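# Topology and contacts: notes
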Amino acid sequence: MKPNIALTAALCLAVAACSEAPAPDAEVATPEAVATANPLLEDWDTPFGVPPFDRIESEHYLPAIRASMEAHNAEIDAIIASPDAPTFDNTIEALELSGAGLSRVSRIFSAVDGANSDDVTKETAKTIAPELSAHGDNISLNKDLFERVLAVYEQRDDLDLSAEQSHLLNETHKQFVRSGANLEDAAQERLREINSELAELSQQFSENLLDETNNFELLVTDRADLGDIPASLVALAAEEAKRRGHECDECWVFTLHRPSINPFLQYSPNREMRKTLFDGYAMRGDNDNEQDNKGIISRMVSLRAERSALMGYDNHASFILSDNMAENPDNVYNLLDQVWKPALARSKEERADMQAMMTADGIDDRLRGWDWRYYTEKVRKAKYDLDDDALRPYFEVNAVRDGVFALASTLWDLQFEQRDDLPTWHPDQQVFEVKEADGSHLAILYLDYFARESKRGGAWMNALRSQSNVDGFVTPIVTNNFNFPAPTEGSPSLLSLTNAETFFHEFGHALHGMFSDVRYTSLSGTNTPRDFVEFPSQVMENWMRTPEVLGMFAKHYETGESIPEEVVEKINASAKFNQGFATVEYMAAAYLDMAYHVVDSTEAVEPRGFEDAAMADIGLIDEILPRYRSGYFGHIFSSPTGYSAGYYSYMWSNILDADAFMAFEETDVLDKETAARYRQEILSKGGTRPGMELYRNFRGRDPEIEPLLKARGLN
Ligand SMILES: [Zn+2]
C-alpha cells in the first residue's frame, strides 16, 4: 500500500482486497458509554504487545477510532504549530510517526471486521468509512501542513538523508500531491465530496455482496445428486442444512461460499442443480433487487473518472498506474495481450476435450459454464489418472501448516513455537512465535483457517503491527486468514491442492511482513506498490508442488504414510492442466477492471452491457466467466480504491515470481544462499526502494516473461 499520512489508517480498511463485509443495524455504543474502560486506548502489557483480544469488545472500536482521530489531529496541529523552520525531522519524520494510535486501532478493527465480524463491527465499518475518508482529506488537504512538507521537499538535494529517508520524503510529497494538495480550493472541495461518496458506496457494495452471498442456498435431498463430493464436505453440507433449520433426515445445503460451491460444481452429476448454483454465484449483485450493485458500480466508475480528471489524468487507470511499477495503461495492456492469445487458444483446446467427454456421457448439448469444473475433474482423471479429491487426506490443515513451517526452517532456519497463552479473536485461531535460528524473537503469526459467516470470502494477510525501527526495533505481528473447510465431527479439515497452495501464498505475504527490516512503518513489509506485493506471496506457491517440499509434509492424516512418489509425479505432470481456463478466467477479470477504469468522466456506464461489451472485445468464450463479474468484483469496488486498475497485478507479479523461482531452480530449490539473498534484497526491504531496483539487486538483471509462459504451459 501507499505510504503515509492518515491514509495509512484509512487504507488499512482497504488493504485486504476483495472485502465482502458490512451489513445490519445494530446498536453501536456511544463514545461516552465505553470510554471509561476501553482496552483499545490503553497501553498493553500483553506478551509481545499483542492485542488483548480477550478484553476487546466490538463496542470498543468506534469510540477508540474516533478518539484516535482526535489524538492524530492534535499531533498534526503540533507539527504545524512548531516555531522552528521545517526540517526532515520536525515535519516529515514527525508526520510519519503521527497517527500511530489510529493506525494501531484501525489495523485491529479491519482485521477483526474482515475475519470475525458481527452486527456491531459491520455497523461500525459503515459509520466510520466516511469519517476516516474525511480525516484523511483533512490531513492531505491541510495547506499549512503541505507548505511545510513542500519546504523540506524543495531542500531535498541539500539534506543529509539516508536512502530510506530520501525515499520517505519523495513518497510523502508525492502522496500529498496525489491526494490533491496542489488543487484549487473549489477542486479540493469537490475532491472531498467524491472521496466521501466513494467511501460510502464501496461500503454499501460490500454489504450487498455479503448479503447476496449469505442469502442463497441450494437444498439437496437426494444422495445421488452428491456424486463424488468428498465425504468431509458432504458432512459439512449436512451440518449447514441443520444450522439453517432444515428438518429432514437426510439433506444437505450448498452455499455460495467457496468450500461449498466448488466441490459441488466439481462432483455433482446433477446438471440442473449445478446450473442453479453456478447462476446463483454469477448473478450476485445483478439481481435487480435491493442488493443490486449495478447502480453503485456505475456511480463509482464515474466518480473515479471525475477524480482523475481533477488530478490532471486522462482516466482513473492512468492516475493509479502512474504510482505503480507498470506506470501506465499501455504497459498493462502490453503484458495482458502477450499472454491472452495463447491462453485463450489453450482454453479452447480444453473445451474441446471436455465436450468430447460430455458427448461420450450421452449428453446432447454443448458444454456450458456449469459443466466446466465437472468435466475438468473427469478429464484430469482420464488424462493423468489424478483425482484431486483423493489428495485431500495428505493435506490435513495442520500438516500443510507444518509443511509451510518446514520450508521456512529449511530456507531461513526459522523456528515456530505455538503460543496457546496469547489471546485470539476466535477460538479456532492458532498463534505462533517465530524465532530466528539463534532463538531470538522475530515476529508473532496468527493463523485463522476456516470459512464461517462472520468471515468475508478469500484469503488474505493483515499486519496487526508493522515492523519499524525509528524508536527502537518494533517487531511485526501478522495474521493469515483463509476460507478452508471447517472440520466436522467425523473428519479434520482436509485441504485441496489449491487450498494448500493458498496457504503457501498467504504465508509469503506473512514472511514479507515478518522479515521486514526498515526504519519507517509506512515503507515496511507489504507497503509496496500494488503490482509488486503479490511477488513474495506467489513465489511461495512454486515450492509447494516440488517433490522436495511435498516430501516434508504431505502425509496421510490417518495412516501417517507419505504421499506416494507416483502421485507426486502425477501432480507435476498435471501442473499445466487446465491452465488455459485458470489464466483466461483471471485475465478476463483483469481486462474488465481496466475497461472500467480507462473510461473518461463523461461516459456513463451501464454495468451489464458494459461487461458484455468488454468481454466480447477480448473474444472471451461464453463457457468461461471472468473470475469476478462486476456485481461481486470486490477487489475493485468494495473499497474506495482497493485493487481498482490493479487486478492485473497478480500477473505482473507473476513475471517476477516465476523468474525469481528460476534462480532457485538454477541451483537447488532449497538453496540457502539464494534464499538468504532473496530475504536480504527483497523480503527485508519492504517498499524502501522502487520494485524494479530491488528485483535487479536480487537477480542481477531485469525479469523475463518466458518463465511465466513456461510455468503456465503457454509457450
Ligand atoms: Zn496475495
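Residues numbered from 1 in each chain as written. Predicted model: local features only at pLDDT ≥ 70, side-chain atom pairs only at ≥ 80, totals over all residues. Heavy atoms only, no water.

### A look at the overall build of the protein
- When helices and strands are tallied, the protein shows 29 helices and seven strands.
- In summary, the protein has a C-alpha radius of gyration of 25 Å against a globular reference of 27 Å for 715 residues, a match within 12%.
- Over its C-alpha atoms, taken along the principal directions, the protein stretches across nearly 85 × 60 × 55 Å.
- Going through the 715 residues of the protein one by one, you find that 61% of them count as buried.
- When contacts within the protein are restricted to residue pairs at least 6 apart in sequence, those whose partners lie at least 24 apart make up 76%.
- Carbon together with sulfur atoms contributes 47% to the accessible area of the protein, which is approximately 26,800 Å² in total.
- Where the 65 positive side-chain charges of the protein centre and where its 121 negative ones centre are 4 Å apart. (Helix = DSSP H or I, 4+ residues; strand = E, 2+ residues; numbered from the N terminus. Rg over C-alpha atoms; globule rule 2.2 N^0.38 Å. Buried < 20%, exposed > 50% of the residue type's maximum accessible area, 1.4 Å probe, protein only. Contact = heavy atoms within 4.5 Å. Areas by Shrake-Rupley, 256 points an atom, 1.4 Å probe, with all protein chains shown as cover. Lys, Arg positive; Asp, Glu negative; His and termini not counted. Charge placed at Lys NZ, Arg CZ, Asp CG, Glu CD.)

### Overview of the sheet that holds strand β7 (residues 477–484)
- Spatially, the five strands line up as an open sheet ordered β3-β4-β5-β7-β6, and their pairing is mixed. Of all the strands in the sheet, just β3 (415–418) and β6 (460–465) have a single pairing partner and so form its edges. Strand-to-strand, the axes of this sheet are offset by a mean angle of 25°, without reference to chain direction.
- When β3 meets strand β4 (residues 430–435), the two strands line up antiparallel, connected through four bridges. Within the sheet, the bridge partner assigned to E417 lies in β4 and is E433.
- Packed on one face of the sheet, helix α5 (residues 100–115) meets β5 (441–450), β6 and β7 and runs near 150° to β6. (Pairing = 2+ DSSP bridges. Axes fitted to C-alpha atoms, helices over the stretch in contact; angles between N-to-C directions.)

### A closer look at unusual backbone geometry
- Backbone geometry at D413 places phi at a positive 60°, although glycine is not the residue there.
- Of note, D413 is situated in the loop between α17 (397–412) and β3.
- Its relative accessible area of 36% is what places D413 among the partly exposed residues.
- Although it is not a glycine, N578 adopts a positive phi angle of roughly 65°.
- Within the secondary structure, N578 is located in the loop between α22 (565–573) and α23 (579–597).

### Remarks on the coordination of the zinc ion
- Note on the zinc ion: its protein donors are H505 (NE2), H509 (NE2) and E534 (OE). The metal-donor distances range over 2.1 Å.
- Spacing between the donor residues of the zinc ion along their common chain follows H-x3-H-x24-E. One end of the pair is H505 and the other is H509, both in helix α18 (residues 497–514) and four residues apart, which spans about a single turn.
- For H509, a relative accessible area of 8% translates into the label buried. (Donors = N, O, S within 2.8 Å, 3.2 Å for Na, K, Ca; no water.)

### Some remarks on the side chain of D137
- For D137, the position within the fold is in helix α6 (residues 119–140).
- Notably, D137 is buried but unbridged: the nearest opposite-charge side chain belongs to R192, and the N-O separation is 5.3 Å.
- Setting aside residues no more than four positions away along its own chain, D137 makes contact with N142, L191, R192 and N195. (Salt bridge = Lys/Arg side-chain N within 4 Å of Asp/Glu carboxyl O.)

### Description of the nonpolar core
- Core analysis: the biggest nonpolar cluster contains 161 residues, and F254, F395, W412, F503, F507, M514 and W543 have the highest contact counts within it.
- If we ignore the near neighbours within four places in the chain, the residues touching W412 are L511, F515, A675, A676, Y678, R679 and L683. (Core = buried A, V, L, I, M, F, W, Y, C linked by side-chain atoms within 4.5 Å.)

### Let's talk about helix α8 (residues 163–178)
- For α8, built from 16 residues, the straight-helix expectation of 22 Å at 1.5 Å per residue is met to within 8% by its first-to-last C-alpha distance of 22 Å.
- Here the buried face of α8 lies against α4 (88–97), α6, α7 (143–154) and α14 (316–321).
- G180 sits one or two residues past α8 and shows a positive phi near 100°. (Expected span 1.5 Å × (residues − 1).)

### So, the pairing of β6
- Burial of β6 is extensive: five of the six residues sit out of reach of the surface.
- Relative to β7, β6 is paired through five bridges, and the arrangement is antiparallel. The residue bridging N462 from the neighbouring strand is T479, located in β7.

### Some remarks on the packing of aromatic side chains
- Applying the stated rule across the entire model yields 48 aromatic pairs.
- Summarising the aromatic geometry, the rings of Y628 and F633 are spaced 5.4 Å apart at their centres and angled 15° between planes, so their arrangement reads as stacked. A single burial state applies to Y628 and to F633, both of which are buried.
- Here the guanidinium or amino end of K275 rests over the ring plane of W370, the centre of that ring lying 5.0 Å away.
- When the ring centre of Y281 is taken as origin, the NZ or CZ atom of R284, which lies over that ring, is 4.0 Å away. (Phe/Tyr/Trp six-rings, centres within 6.5 Å; stacked < 30°, edge-to-face > 60°. Lys NZ or Arg CZ within 6 Å of the ring centre and 35° of its normal.)

### Quick look at the state of the cysteines
- Throughout the structure, instances matching the rule amount to one disulfide.
- C248 shares a disulfide with C251; S-S distance 1.8 Å.
- Assessed through its relative accessible area of 35%, C248 is described here as partly exposed. (Disulfide = S-S within 2.5 Å.)

### Section: the packing of helix α26 (residues 649–667) against helix α28 (residues 691–699)
- Between α26 and α28, the least distance of the axes is 11 Å, while the angle of their chain directions is 15°. In terms of axis orientation, α26 runs roughly parallel to α28. Pair α26 / α28 crosses with left-handed handedness. Listed contacts from α28 to L656, D659, A660, M662, A663, F664 and E666 of α26 are Y695, F698 and R699. (Parallel < 35°, antiparallel > 145°, perpendicular 65-115°, else oblique. Left-handed = near helix turned anticlockwise from the far one by under 90°.)

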